[in-house]
Amino acid sequence: MPVSPEKQSTLSTVEILSQGMVINVGPQHPSTHGVLRLILTLDGEQILHCEPVIGYLHRGLEKMMERRPYRHNIPFTDRLDYLAALSNNLGICQCIERLGGVEVPERAKYIRVLLMELQRIASHLVFLGTFGTDLGATTMFLYAFRERELVLDLLEECTGARLTYNWIRVGGVPDDLPDGFAEKVLAFVKVFRQRLKEYDQLLTRNRIFRSRTQNIGVLPKDLALAYGTSGPVLRASGVAYDIRKVDPYEVYDRVEFDVPVFDRGDVWARYLVRMEEMHQSLRIIEQVLRDMPDGPVQTKLPKIFKPPAGIAYSRVESPRGELSFMMVSDGSPNPVRVHIRAPSFVNLSVLPCLLEGAKVADLVAILGSIDVVLGEIDR
Amino acid sequence: MTYFIDGLATLFFGMLVTWRNLWRPKVTVRYPYQKRPVPPRYRGLFYLKWNEEKQRLNCVGCTLCAQACPTDVISMVKLGKGTNASVSEFTMDLGRCMFCNLCVEACPFDAIYMGPVYELASERRDACLFRITDLAQGGEEAVRKNIETIQRLMAEEEKAKPAATHPAGGHAE
């Protein structure tokens, strides 16, 4: 509660204490997963009020995109959600394809879905590792990153890069899968199934871990919907909403998978949703590899790509939630307007509600369970 | 009491995982001394392909890669004209490069590729600037031979067509 300077000097000790202590978390803080600053007002151990401050990574990406031809913008999207670069690539490529009416070959769609699910596993493993470290389970970090390395090796072999893949193009993917890739992916799936069981043994049934996550940071269903959250945060609050089911893109309508939903809405549920999603991703990968047809992987496009005037909107389910791109074209080689709906940005907006009344010690657990990536929030 | 039993179970299962992992082969390498193999598609330092048969670089200086680049990394000076053209200068400012592969895909002559070299960090700013002698396969020798070949081809063309203008020489700095 702000107090005028004149009154400030006359406050008694009790009154000063009752105002709450203001502390700063971040922007350089090891558990914020990026440059996020939180201004907390505390009453003892309880958080009275939280104000997230963002923008430290702002690069003006949407404006940059308006100054460049459509296809030059694909590598920039790698820098949005840098833990799931391929999802961003797919988002913008789908948007441009809708704008220009470009058809994607069948094989390319399957390759996209395969890469997307590998990416989801890699992203969730980062969550698992860092979330474990936040809560003091340092071993989890080492195990999760060991398995993530297997996924990154696969993606590196296919795309040539480890983090900023830039491997989806307008009208397909730039190149076919390398020789023997399917066998390697299946070998990984086999290993990873077994490792997921180990994670469950190590973390899911861990008494301390459960005590620190259960009934912490409860997000009720109506609040989650009111704030427009998406992805694992929404599904952990009991809403079965997954773009892959609701508005299927690529070949998600042809593969069989379940959408994990939990009603609890706490940190524990958000963790379980992500663990279960990794299982489902493995299922999708197996089906995609089984059904993948032969054929070309890219549609030929003119050198200077000019989509007709109009507006296009596309959304994909990134590991963090609903990622959408909107582009407006006036028939010139550059887009007139680009807008990105970043899932982390919307999910972060719910943080002050979750933190109100929570203990300071639970701050990292709650923040970690939302799994934000600041590159996407600030863009 | 249930907490106590649960805690003991936690300890038991956690240690079981640790025990199992104790016997797995280690996954780390001692990096600066040991290096992991790089896959063939890896996107590292660029190189300009040397054509042994024609004794020249594949590059014809068409600037398609420079146009495809979102961050204006590439600049070049064209050498020669028409089908016999190549480059005398080809500079890449890798401080700006995103290693996005768009220039490689844009090249219709298979001239520019990305190689397996990845240790590009430097303490100096000018080390980000890669000139043609750093990028061409075969280094300075290849660049010299390339210029010789192009000049020879230009001279031949000149003889065949006496009306043509003077051939462009190597651009000395």
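Residues numbered from 1 in each chain as written. Chains lettered and ligands numbered in written order. Predicted model: local features only at pLDDT ≥ 70, side-chain atom pairs only at ≥ 80, totals over all residues. Heavy atoms only, no water.

### Observations regarding helix α5 (residues 85-100) of chain A
Heads up, the condition is: Per the convention used, a helix needs a DSSP run of H or I reaching at least four residues, while a strand needs a run of E reaching at least two, with both numbered from the N terminus. To estimate the expected span of a helix, subtract one from its residue number and multiply by 1.5 Å.
With 16 residues, α5 of chain A should reach 22 Å at 1.5 Å per residue; the first-to-last C-alpha distance of 23 Å fits that figure. The positive-phi residue at the C-terminal boundary of α5 of chain A is G101 of chain A, with phi of around 65°.

### As for the packing of helix α8 (residues 181-204) of chain A against helix α13 (residues 267-291) of chain A
All names here are of chain A. Rule in force here: Axis lines are fitted through C-alpha atoms, for helices just across the contact stretch, and the angle between N-to-C directions can take any value from 0 to 180 degrees. Orientation categories follow fixed angle ranges, with anything under 35 degrees roughly parallel, anything over 145 roughly antiparallel, 65 to 115 roughly perpendicular, and all other angles oblique. By definition, turning the near helix anticlockwise from the far helix through less than a right angle yields a left-handed crossing, and turning it clockwise yields a right-handed one. Note on definitions: a residue-residue contact is assigned when non-hydrogen atoms from the two residues lie within 4.5 Å.
Running from amino to carboxyl end, α8 crosses α13 at an angle of 160°, the nearest separation of the two axes being 10 Å. The angle between α8 and α13 places the two elements in the roughly antiparallel class. For the element pair α8 and α13, the recorded crossing hand is left-handed. Along its contact with α8, which presents A182, V185, L186, F188, V189, F192, R193, L196, Y199, D200, L203 and T204, the element α13 presents W268, Y271, L272, M275, M278, H279, L282, R283, I285, E286 and L289.

### Looking at empty space enclosed by the protein
Residues and elements named next belong to chain B. Applicable threshold: Here a cavity is any set of points on a 1 Å grid over the protein atoms alone where a 1.4 Å probe fits but cannot get out, and a pocket is any open set with protein on both sides within 12 Å along at least 5 of 7 lines; a residue lines the site when it has an atom within 4 Å of a point. Grid points are joined across faces, edges and corners, and a volume is the space filled by probe spheres set on the points. Gly counts as polar in this scheme, as do all residues outside two lists: the nonpolar Ala, Val, Leu, Ile, Met, Phe, Trp, Tyr, Cys and Pro, and the charged Asp, Glu, Lys and Arg.
For the structure on display, the rule yields three cavities of 30 Å³ or more. Of the volumes computed, that of the largest cavity is approximately 90 Å³. Every residue lining the largest cavity is counted, 15 residues in all, and those nearest its centre are C69, V73, C97, C100 and C103. Grouping the constituent residues of the lining of the largest cavity by class yields 13 nonpolar, two polar and no charged.

### Some remarks on the packing of aromatic side chains
Residues and elements named next belong to chain A. Convention followed: Put simply, two rings from Phe, Tyr or Trp (the six-membered ring, in Trp's case) pair if the centres are within 6.5 Å, and we call them stacked under 30 degrees between planes, edge-to-face over 60, tilted for the rest. Per-residue accessibility, obtained with a 1.4 Å probe over protein chains only, is compared with the maximum for each type, and a residue is labelled buried under 20%, exposed over 50%, and partly exposed between these values.
Here the structure, examined in full by the defined rule, presents 17 aromatic pairs over all chains. Seen in terms of ring centroids, F127 and F131 are 5.0 Å apart; in terms of plane orientation they differ by 15°. Their pairing is stacked. Remark: F131 and F127 occur in helix α6 (residues 106-134); sequence separation between them is four residues, near one turn of the helix. Of the residues examined, F127 reaches a relative accessible area of 2% and is grouped as buried. Arranged with centres 5.3 Å apart and planes meeting at 20°, the rings of F188 and F192 form a pair that is stacked. In this pair, F188 and F192 are both assigned in helix α8, four residues apart and thus about one turn of the helix distant. Assessed through its relative accessible area of 5%, F188 is described here as buried. A connected cluster of aromatic rings, assembled from ring pairs, spans F127, F131, F209, W268 and Y271.

### Side note on the side chain of R112 of chain A
All names here are of chain A. Short version of the rule: The term polar contact refers here to a pair of N or O atoms within 3.5 Å; inside protein, the definition further demands a hydrogen-donor-capable atom paired with an acceptor-capable atom, and it admits residues adjacent in sequence only when both atoms are side-chain atoms.
Among the secondary structure elements, R112 is positioned in helix α6. With a relative accessible area of 0%, R112 lands in the buried category. In this structure the side chain of R112 is engaged in a polar contact, spanning 3.0 Å, whose partner is the backbone oxygen of R169. Contacts of R112, omitting those with residues within four sequence positions, involve L90, C93, E97, V104, I168, R169, G171, G172, V173 and E250.

### Let's talk about the confidence of the model for chain B
Residue and element names in this part refer to chain B. Selection criterion: pLDDT expresses how confident the predictor is about each individual residue, on a scale running from 0 to 100.
Of the residues in chain B, 92% reach a pLDDT of 70 or more, and the chain-wide mean stands at 81. Per-element averaging of pLDDT across chain B places strand β3 (residues 56-57) at the bottom with 79 and strand β6 (residues 112-114) at the top with 88. Low confidence marks residues 169-173, where pLDDT is under 50. Its contacts with residues over four positions away, or in another chain, come to nine contacts.

### Re the side chain of E376 of chain A
All names here are of chain A. Note the following rule: His is not counted, nor are the chain ends, whereas Lys and Arg count as positive and Asp and Glu as negative. Here, a salt bridge means any side-chain nitrogen of Lys or Arg that lies within 4 Å of a carboxyl oxygen of Asp or Glu.
The topology assignment puts E376 in helix α17 (residues 374-378). R320 provides the closest opposite charge to the buried, unpaired E376, separated from it by 4.8 Å. Polar contacts involving the side chain of E376 include one to the side chain of S344, which spans 2.6 Å. Setting aside residues up to four positions removed in sequence, E376 forms contacts with L80, D81, N88, R320, L323, A342, P343 and S344.

### Overview of the layout of surface pockets
All names here are of chain B. By volume, the largest pocket is sized at about 1200 Å³. In this structure, the largest pocket is lined by 37 residues; those nearest its centre are L102, V104, E105, A106 and C107. Among the elements of the structure, α2 (64-68), α3 (102-106) and β6 are those that each provide at least two residues to the lining of the largest pocket. Ranked by residues supplied to the lining of the largest pocket, first place goes to α3 with four residues.

### Digging into the environment of G100 of chain A
Residues and elements named next belong to chain A. By secondary structure assignment, the location of G100 is in helix α5. Residue classification places G100 among the partly exposed residues on the basis of a relative accessible area of 27%. C-alpha of G100 to C-alpha of L155: the two residues are 55 residues apart in sequence and 28 Å apart in space.

### Considerations on the interface of chain A and chain B
This is how it is decided: A 1.4 Å probe defines the accessible area here, and the buried area is the portion of it lost by two parts on being joined, summed over both.
In this complex, chain A contributes 37 residues to the contact, which on the side of chain B involves 29 residues. Of the roughly 2800 Å² buried where chain A meets chain B, counting both sides, 48% is carbon and sulfur surface. When residues of chain A are sorted by the area they lose upon contact with chain B, Q201, R205 and R207 of chain A head the list and together hold 21% of the total. Counting the contacts that link chain A with chain B gives eight salt bridges. Between D175 of chain A and R41 of chain B there is a salt bridge, and its shortest N-O distance comes to 3.8 Å. In this structure, the connection of chain A to chain B is made through 24 residue pairs in polar contact (both at pLDDT 80 or more). For the side of chain A that touches chain B, the secondary-structure elements that each account for two or more residues are α4 (74-77), α7 (138-159), α8 and α9 (207-213) of chain A. The element contributing the most residues to the side of chain A that touches chain B is α7 of chain A, with eight residues. By residue class, the composition of the side of chain A that touches chain B is 11 nonpolar, nine polar and 17 charged.

### Observations regarding the sheet that holds strand β3 (residues 46-53) of chain A
Residues and elements named next belong to chain A. For clarity, the cut-off: Two strands make a pair as long as DSSP finds a minimum of two bridges between them.
Across the sheet, which stays open at both edges, the three strands sit in the order β1-β2-β3 with antiparallel pairing between neighbours. What marks the edges here is a single partner per strand, and that holds for β1 (21-25) and β3. Pairwise comparison of adjacent strand axes, ignoring direction, gives a mean angle of 20° for this sheet.

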